[in-house]
Amino acid sequence: MVRQSVLKFLKIFSFTSILFINSSFVAAQKNDAPKLDMTVNRGVIKPLSLAVPSFIKESGANSIISRELAKVISNNLDSTGLFKSIPQSAYVSMPLSFNTPVQFSDWSIINADVLVMGSVGLKPDGRLEVKFRLWDVSQQKEIGKGKQYFTNSESWRRISHKISDTIYTRVTGEGAYFDSRVVFVSETGPKDNRTKRLAIMDQDGANFRLLKHPPSLVIAPRFSPTTNKIIFTGYETGKPRVYLMDLSSEEITSLPELKGMSFAPRFSADGSQIVLSMTENGNTDIFINTLSTGVKRRLTTNNAIDTAPSFSPDGKSIVFESDRGGGQQLYIISTQGGDAKRISFGKGRYATPVWSPRGDLIAFTKIKEGKFHIGVMRVDGTKERLLTTSFLDEGPAWAPNGRVLMFFRETPGSAGAPSIYSIDISGRNLRKIKTSSFASDPNWSPILN
Amino acid sequence: MKNIGLAFFVILLLVGCENDKSFTNSLDKAQISESDIEYFQNLVGDTVLFTVDQSGLRPDAISILNAQVNWLKEKKFLPITIEGHADEQGTREYNLALGARRATAVREFLLAKGIEQDRISIVTYGKERPLRVCSNEECWSKNRRAVTVVGKKLLSSD
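Calculation criteria
- Residues numbered from 1 in each chain as written.
- Chains lettered and ligands numbered in written order.
- Predicted model: local features only at pLDDT ≥ 70, side-chain atom pairs only at ≥ 80, totals over all residues.
- pLDDT = per-residue confidence, 0-100.
- Contact = placed C-beta atoms within 7 Å.
- Axes fitted to C-alpha atoms, helices over the stretch in contact; angles between N-to-C directions.
- Helix = DSSP H or I, 4+ residues; strand = E, 2+ residues; numbered from the N terminus.
- Left-handed = near helix turned anticlockwise from the far one by under 90°.
- Nonpolar A, V, L, I, M, F, W, Y, C, P; charged D, E, K, R; others polar.
- Expected span 1.5 Å × (residues − 1).
- Buried ≥ 20, exposed ≤ 12 C-beta atoms within 10 Å, placed from the backbone.
- Domains from an automatic or database assignment.
- Right-handed = clockwise from strand over helix to strand, strands pointing away.
- Pairing = 2+ DSSP bridges.

Draft legend 1. A look at the confidence of the model for chain A. Confidence in the prediction of chain A, expressed as mean pLDDT, is 90, and 90% of residues score 70 or more. The low-confidence segment residues 14–41 of chain A (pLDDT under 50) makes 38 contacts with residues lying over four places distant or belonging to another chain.

Have a look at this one:
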């Protein structure tokens, strides 16, 4: 096994043609060149070998937390496919103190590329103090600066996610995404009598919780940009209709202006508006609704099915699907209205477009020759790439950094059921997210505050 | 005439519908009157089927709907909800819109034949409520449907 330096890894790690990054890590490595341009290499990426010893226990900290902090970080980074953790049983030594110099030979001998060292202590006021440092083993250099966090002891898991985000960002140059949650629909019961419940979990599947709502059918919850609200479609009145839920109180508000049948809502990036589709006289069109005033504005008037709208991050455009050209295709329209411009032209049907939080790509569901795919394309419709294929893959949801997607995959037949998966936009690293029930309609929160 | 219809219904039951709950339940009834909702569901036919990704009414649907109109005209006090459904081969949002198109197609037909507008409400379930659960055309063709539910009305203001 040939070890690689983190810098060399940086050079081969990339998704797009040229990445310009500007991170503290790069600045620390090359003070004269804060921007490093990396050439793309679409070859196989050999994951960085990662060592995360249990955090050093200081002043009264719980040894379970010291182990779990390290475990959650390992799991997060392993889940990217860009890191591979060395089992702790292979370590030749364990760090005993946070401040003593690192014995790099103990880590190079087990082929570690990256070493994460942390400590956890309990302060007299009951808060946890968590510290960590990140090391490039072959260069024997620290990557970035050490960080320190204070938190109440129930929130240790979020500290693990924040540390994971810092490591991921420093090593890859990509944005954070571990300290985030996923809302979805938990499904139980037989296929012809399914019970659907709104549910929430951490990005890694931990802290699963069902949300309170009337027992009627619910569909496709979506986060507000501030992550404290969701919007979803429910059948409480017998018809599909858009509702807001405050996540801290789980109080549900209906939007009186959305009478009739309304569905497929999503927030704008600033949270002030929602875009959705409404059906009147059998015809489904796109509307924008301003939440503070309840003023609803029609955006499309076509006789076709116009649905599944999604805002661009700058709030200026909406991508949606329409069958106005005969089959389902993707279109972009200004939020001020006007003509919609078709962006998808390939064979098959395109549906459920979702604008990346980075603004560069649109993820979609494609149905072609009886198979379903999750794919991405540029905003102008070029560079389409299909990432998955199965009997039924549907409903992509962007990670906050725009580099990973979740979606749901349903298996065929009478026992068929949905599960949530994630995949890197490179098409690598397809993973099933463990949930305690069937699960569909995932939506990824922004990074938590 | 009524008895012949009933006998035919029972034969149908014995021949091939043992899995269908609504039929089995009806077996327990000693007699089904023409005015019963079960009669509408099973003998008039409360369900019309659609072609893949279409909401146009096929000839088989039109003959069922004509029978529905005749029955519904005798029951002026009964409200009607038309449910539109799609098979699992489409995406969730599109199928909701497609189900709405199908329910609307049935509603338009009933209105054109003189059923009162204020009796009828429509709802779409998209692919959320499949009747059959296999993943092939045999089931999908039964799931692409619009069902006329009598005795139920959703408020249009909701």
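Draft legend 2. Broad picture of the confidence of the model for chain B. On average, residues of chain B carry a pLDDT of 84, and 78% of them reach 70 or more. Confidence over residues 1–27 of chain B falls short of pLDDT 50; this stretch has 16 contacts with residues more than four positions distant or in other chains.

Draft legend 3. Structural detail: the packing of helix 3 (residues 37–45) of chain B against helix 4 (residues 59–74) of chain B. All names here are of chain B. Packing of helix 3 against helix 4 brings their axes to within 10 Å, and their N-to-C directions diverge by 145°. Read as a crossing pair, helix 3 and helix 4 show a hand that is right-handed. Residue-level inspection shows Phe40, Val44 and Gly45 of helix 3 in contact with helix 4, the latter providing Ile64, Ala67, Gln68 and Trp71. Considered class by class, the residues forming the contact of helix 3 with helix 4 number 5 nonpolar, 2 polar and no charged.

Draft legend 4. Summary view of helix 5 (residues 92–112) of chain B. Residues and elements named next belong to chain B. Its 21 residues give helix 5 an end-to-end C-alpha distance of 30 Å, which sits within 8% of 30 Å, the value for a rise of 1.5 Å per residue. Most of helix 5 sits out of view: 18 of its 21 residues are buried. Of the residues flanking the end of helix 5, it is Gly114, one or two places downstream, whose phi is positive at about 100°.

Draft legend 5. Fine view of the domain arrangement of chain A. Residues and elements named next belong to chain A. Per the domain assignment, the segments of chain A are domain 1 (49–172) and domain 2 (181–444). Contacts between domain 1 and domain 2 engage 6 residues on the former and 6 residues on the latter. Here the side of domain 1 that touches domain 2 takes 3 residues from helix 3 (residues 63–79), the largest share from any one element. A class-by-class count of the residues in the side of domain 1 that touches domain 2 yields no nonpolar, 5 polar and 1 charged.

Draft legend 6. Summary view of the interface of chain A and chain B. Contacts between the two partners involve 33 residues from chain A, matched on the other side by 22 residues from chain B. Every element with two or more residues in the side of chain A that touches chain B is listed here: strand 13 (218–223), strand 17 (261–267), strand 18 (273–280), strand 21 (306–311), strand 25 (349–355) and strand 29 (393–398) of chain A. Looking at which element gives the most residues to the side of chain A that touches chain B, the answer is strand 17 of chain A, with 3 residues. When grouped by side-chain class, the residues that make up the side of chain A that touches chain B number 12 nonpolar, 15 polar and 6 charged.

Draft legend 7. Molecular detail of the pairing of strand 2 (residues 80–85) of chain B. All names here are of chain B. For strand 2, the buried fraction is high: 6 of the 6 residues fall into the buried class. Side chains Ile80, Ile82 and Gly84 project from strand 2 onto one buried face, and the interleaved Thr81, Glu83 and His85 project onto a second face that is buried too. Note on the crossover from strand 2 through helix 5 to strand 3 (residues 120–126): the handedness is right-handed. Two strands pair when backbone bridges link them, and strand 2 and strand 4 (residues 145–150) are joined in this way by 5 bridges, in the antiparallel orientation. Note that in strand 4 the partner of Thr81 across the bridge is Val149.

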